[in-house]
Amino acid sequence: MTAQEVRLCGLLLREHFGEVVERVGVHLLRSGALSLRALAHETSTSLDLVKKCLCVLVQHGMCKFGPGRRGPAGPVEYQINCERILYMLRYPRYIYTAKSLYGDTGELVIEEILQRGQMTMSSVVRTVADRLTQNMEDGQSMDYSEVMNAFSRLVETHFLQRCPPVDSLGATVSRTSCSGTSDSPANATPQPAQPESNPDCYKLPQIHLTGRGKRRRSSGDAETNDSGAKRAKLENTEQCGDEGIYWQVNFERFHLHFRHQAIISAVASKLDQTSSEIVRTMLRMSEVTTPATAAYTQAVSANEIFRALPPSYNIGRPILDQYLTLLVDDPMEFVGKTGDSGGGMYVVNLHRALANLARATLESVVQERFGSRSARIFRLLLRKKHLEQKQVEDFAMIPAKEAKDMLYTLLSENLVQLQEIPKTPDYAPSRTFYLYTVNQLPTARLLLQNCYKAVGNLIERRLFETKENKRHLEKSQRIEAILASLQASGAETAQLAEVEEMITAPERQQLEALRHHINKLDSSENQVDETIFLLESYVNSAASSR
Amino acid sequence: MSGRGRGRSLFTFNVDCLGFGRGEALPSSAQAPSPLYPPMQFRPVPLQTGEEVEYMLALKQELRASSKNLPFHIQPSAPKKDVGRYSDKYQTGEAKHGEWTPDWSRLPKELCIKVQKSRKAKTKPVVKSKKKPAAPKELLQKLENLEKKEEENQSEEEEDEKKKKTGEEEEEPDDAEGYDEEEFEEETDYIMSYFDNGEEFGGDSDDNMDEATY
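Conventions and cut-offs
- Residues numbered from 1 in each chain as written.
- Chains lettered and ligands numbered in written order.
- Predicted model: local features only at pLDDT ≥ 70, side-chain atom pairs only at ≥ 80, totals over all residues.
- Heavy atoms only, no water.
- Pairing = 2+ DSSP bridges.
- Helix = DSSP H or I, 4+ residues; strand = E, 2+ residues; numbered from the N terminus.
- Contact = heavy atoms within 4.5 Å.
- Axes fitted to C-alpha atoms, helices over the stretch in contact; angles between N-to-C directions.
- Parallel < 35°, antiparallel > 145°, perpendicular 65-115°, else oblique.
- Left-handed = near helix turned anticlockwise from the far one by under 90°.
- Nonpolar A, V, L, I, M, F, W, Y, C, P; charged D, E, K, R; others polar.
- Expected span 1.5 Å × (residues − 1).
- Buried < 20%, exposed > 50% of the residue type's maximum accessible area, 1.4 Å probe, protein only.
- Arc of directions from axis to C-beta.
- Patch = residues over 30% accessible without salt bridge, like charges linked within 9 Å, V, L, I, M, F, W, Y side chains within 5 Å.
- Areas by Shrake-Rupley, 256 points an atom, 1.4 Å probe, with all protein chains shown as cover.
- Salt bridge = Lys/Arg side-chain N within 4 Å of Asp/Glu carboxyl O.
- Lys, Arg positive; Asp, Glu negative; His and termini not counted.
- Charge placed at Lys NZ, Arg CZ, Asp CG, Glu CD.

## A few points about the pairing of strand β9 (residues 345-348) of chain A
All names here are of chain A.
- Relative to β9, strand β7 (residues 300-301) is paired through two bridges, and the arrangement is antiparallel. Paired with S301 across the strands is M345, a residue of β9.
- In the sheet, strand β8 (residues 335-339) pairs with β9 via four bridges, with the strands oriented antiparallel. Bridging from a neighbouring strand, G339 pairs with M345 of β9.
- Once β8 ends, the chain turns through five residues before running back antiparallel as β9, passing G342 with a positive phi of about 60°.

Spelled out as C-alpha cells, the structure:
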C-alpha cells in the first residue's frame with residue numbers, strides 16, 4: 001500500500017474508532033504482521049488498550065490473526081486489511097443502495113451491521129425493529145417477522161453473508177500444520193478464510209423470535225428506566241437458536257451491484273434509456289451464472305433476452321435486434337457478439353466496459369484540469385499510442401508553441417509518458433526519436449493515488465474547520481439541549497426566544513457558514529469515492545485479467 | 001566544443017531539437033518548491049446535487065456522529081490525576097450505547113482482558129513491599145540459575161526478551177493473572193512466594209540481572 005493509502009486509513013480509523021485505534025492500525029499497516037507484544041511495545045501503548053483496539057479491528061473484519069512466522073507454537077500475529085478500512089469511506093453508499101433496493105428496513109439492517117462489524121441475526125432483528133418502532137407513530141410497532149423477511153431477502157441476494165467460522169486458535173494451528181508441508185513459506189502469514197468457501201455461507205439459521213419492536217420509554221423516571229433496562233437485558237440473553245452465527249456485509253456483492261449500475265447508467269447516457277434497459281436485463285440474467293471476476297458475462301441469445309425483458313418496456317423483437325446491433329457497433333464496446341446461434345449470442349464485456357469508463361474518467365480529468373485542447377492531445381495520444389512531438393502538433397491542429405506547452409505540462413504531471421528510441425547507442429538527442437505516449441493503467445493508478453490524497457485532504461480540512469469553530473459548536477449544542485429540555489417541560493415562547501438569543505447574529509452566521517463548508521466537504525468525499533470505486537475496479541480487473 | 005565558438009555554450013547539443021527556436025529564451029530553472037496552493041487554471045466544476053446526494057450526505061454525518069457513541073470508539077487512557085476524587089466514578093462512562101462484550105470464541109485468547117485485574121493490581125504493591133526485605137542474596141543466585149535454564153528453551157527466551165522490551169508495568173498485570181490466586185490463599189507457602197517474588201524482583205532490578213547474566 002502507498003503512503004497516501006496509509007494516511008487515509010489512519011484518518012478513517014481515527015474518525016470511527018478514535019485515536020488509539022488509529023495509532024495501532026497505522027503501525028500495523030506500516031509493518032505488516034505483528035504479534036500483540038511487539039505491537040504494544042512499538043506503539044508504546046498499554047497492553048490493555050492494544051488488546052481492545054485489536055478486538056475492535058477483528059470485530060469489524062479489518063484485521064486477521066493467525067499463527068505467526070515462528071510457526072504454530074509462536075505468538076499469534078495480526079495483519080490488517082487496508083482495502084477493508086478504505087471501504088469505510090463507502091458506508092453511506094452501501095446504506096443508500098440497501099435503502100433503494102429493500103426500503104427502510106434493509107437500510108437499517110445494513111447500517112447496524114456496518115456499524116457493529118458483525119452481528120447475529122436475532123440481535124439485528126431486535127435492534128432494527130426497535131429503531132423502526134421508535135420512528136413510528138404512537139400505538140404502532142414493527143413486527144419482528146417483517147424485519148426477518150428483509151434480512152432473509154438480503155441474504156438470498158448475497159448482500160449479507162455469514163462470517164467465516166473462526167476455529168479456536170488450536171484448530172487453526174492444527175490445520176495449517178497439516179497443510180504446512182505443501183504450502184510455500186509465503187503462506188505462513190495469516191491466511192484469511194474465504195467466506196465463500198463455507199458451504200453454509202448464505203444459509204439462514206432457524207431462529208425462534210416472535211414479538212414486536214419495543215419503544216424506549218422517554219420518561220425521566222429512573223426506576224422504570226432501570227427495570228426496563230433490566231428487562232431488555234433479560235430479553236437479550238434469551239436464546240434464539242442462532243448464537244455464534246454472525247453475519248457481515250458482503251462488500252464484493254455490493255461492488256458488483258455498483259459496477260452494474262455504472263455500466264447501465266453509462267449506456268443510458270451514451271445511447272438511450274431503452275438500450276440501458278436491455279443491458280440491465282442482460283446483466284440480471286447472467287448475475288447468478290457469472291463469477292465475480294469474469295471478463296464478460298455468460299453469453300445469452302437474443303431470444304432469451306427477448307423473453308427476459310419485462311413486458312412493461314414494450315420492446316418488439318425487431319426493435320430489440322436493432323438495439324443489439326447498435327450496442328455491438330458502439331465504440332464503447334459494452335456489448336459484444338460471440339455467435340450467431342439462437343438469433344445471435346451476446347455478452348456484456350465487463351472488463352472492457354470498466355476500462356472504457358476509466359478512460360473516460362481520465363479524459364475528463366485532463367479536460368477539467370488542463371482545458372479541452374490539452375484533452376484533445378491526451379485523447380489523440382490514447383488513440384494513436386506513440387507520437388512524435390511534431391506529429392502531435394499536426395494531428396491535434398494546435399499551433400506548435402501552445403501544443404508544446406500543453407504536452408510538457410501533461411508530461412510533468414505524469415499523465416503523458418516519454419519514450420526515447422535512439423538511432424545510435426549513444427542516445428544523442430539529435431539522433432533519437434522522442435515518442436509521447438499515454439499508458440492507461442499506470443495513469444489510472446496515479447489518478448487513484450491522487451484521489452486518496454484528495455479524500456485525505458478533505459478530511460484534514462474538515463477536522464481543521466471543526467477545530468477552529470469548536471467553541472461555537474459546543475455553545476450551540478448546549479443551547480439546543482437547553483431548548484429541548486425547556487420545550488419538553490412546556491416553557492413559554494418568550495422564554496424559548498430568550499434562550500435562543502444567547503447565540504448572537506454573527507455567531508449564527510459563522511455557524512451557518514461552517515455547516516455549509518462541512519456539508520460541501522462531506523459531499524465531496526462521497527463523490528470522490530465514486531471515482532475511487534471506478535478506478536479501483538478498473539485496476540483490479542486489469543490485474544485479474546492479466 | 002565547437003559550439004562554444006559560436007556563442008552557444010550552454011549545451012553540447014543542438015537546442016533546436018528540443019523545440020526551441022534560435023534566439024528564443026530558455027525557461028529559467030526552478031529553485032523554490034512549488035507553492036502549496038498553486039493557482040488553478042480552471043475552476044472546478046460544482047458538485048452534483050440532488051436527493052441522492054443529500055441523503056448520502058445526511059447518512060455520512062449521522063454515521064460519524066453515532067460512531068462516537070458506540071463502544072468501538074476507544075478512548076485513550078486518561079492521564080492519572082493527582083487525587084482520586086469521589087465524583088470520579090460518576091463522571092466516567094456516560095453516553096455509551098451499552099457495553100460491548102465480544103464473542104471470545106471468535107478472538108484469540110490473548111486478547112481477553114480480565115476485569116478483576118485492576119483490583120488485584122492495586123492490592124499487589126502492598127504485598128510486594130512486605131516481602132521484599134525478606135528476599136536474601138542467595139535467592140538471587142538461584143534465580144540466575146533458573147534463568148539460565150530457561151534460556152535453553154528457545155521460545156521461552158524470545159518471550160522473555162519481549163517482556164523486557166515491553167517494560168515491567170505491562171509485565172506485572174499479566175503475571176498477576178497466573179499467580180495471584182494462589183498467592184492470596186497460601187501466603188506462607190515458601191515455594192509459591194519464592195517463585196512469585198522472583199518475578200517481581202527480576203522486574204525491579206532488571207539492570208542488575210542483565211549484568212550478572214551476560
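## Regarding the side chain of Q527(A)
- Relative to the elements of secondary structure, Q527(A) occurs in helix α22 (residues 505-545).
- Ignoring anything within four residues of it in the chain, the contact list for Q527(A) reads L47(B), Q48(B) and V53(B).

## What about unusual backbone geometry?
Residues and elements named next belong to chain A.
- The phi angle at E333 is positive, at roughly 55°, despite the residue not being glycine.
- Structurally, the position occupied by E333 is in the loop between α14 (317-329) and β8.
- One non-glycine residue, Y427, lies in positive phi territory at about 55°.
- Note that Y427 resides in the loop between β11 (417-422) and β12 (432-437).

## As for the packing of helix α19 (residues 440-468) of chain A against α22(A)
All names here are of chain A.
- For the pair α19 and α22, interaxial distance at closest approach is 9 Å and the crossing angle is 160°. As judged from the angle between their axes, α19 and α22 are roughly antiparallel. The crossing of α19 and α22 is left-handed.
- Its residues placed into classes, the contact of α19 with α22 shows 18 nonpolar, five polar and seven charged.

## Things to note about the sheet that holds strand β1 (residues 34-35) of chain A
Residue and element names in this part refer to chain A.
- A sheet is described by the order of its strands in space; here three strands give the open sequence β1-β3-β2, paired in antiparallel fashion. Sheet topology places β1 and β2 (63-68) at the edges, where each strand pairs with a single neighbour.
- Here two bridges tie β1 to strand β3 (residues 71-80), and the two strands are oriented antiparallel to one another. If you follow S35 over to β3, its bridge partner there is E77.
- This element, helix α4 (residues 47-59), spans β2 and β3 of the sheet and lies at about 110° to β2.

## Overview of helix α20 (residues 470-488) of chain A
Residues and elements named next belong to chain A.
- Over its 19 residues, α20 runs 27 Å from end to end, which matches the ideal 27 Å to within 8%, given 1.5 Å per residue.
- Within α20 the residues assigned to the buried category are H472, S476, I479, L483 and L486. Buried residues along α20 cover an arc of 85° about the axis, so they all sit on one side. Residues of α20 that are exposed and point over 90 degrees away from its buried face: Q477, R478 and A488.
- Contacts from the buried residues of α20 go to α21 (493-500) and α22.

## Considering a positive patch on the surface
- A cluster of basic residues, R376(A), R379(A), R383(A) and K384(A), forms a positive patch at the surface.
- Relative to the helices and strands, R383(A) is located in helix α16 (residues 372-384).

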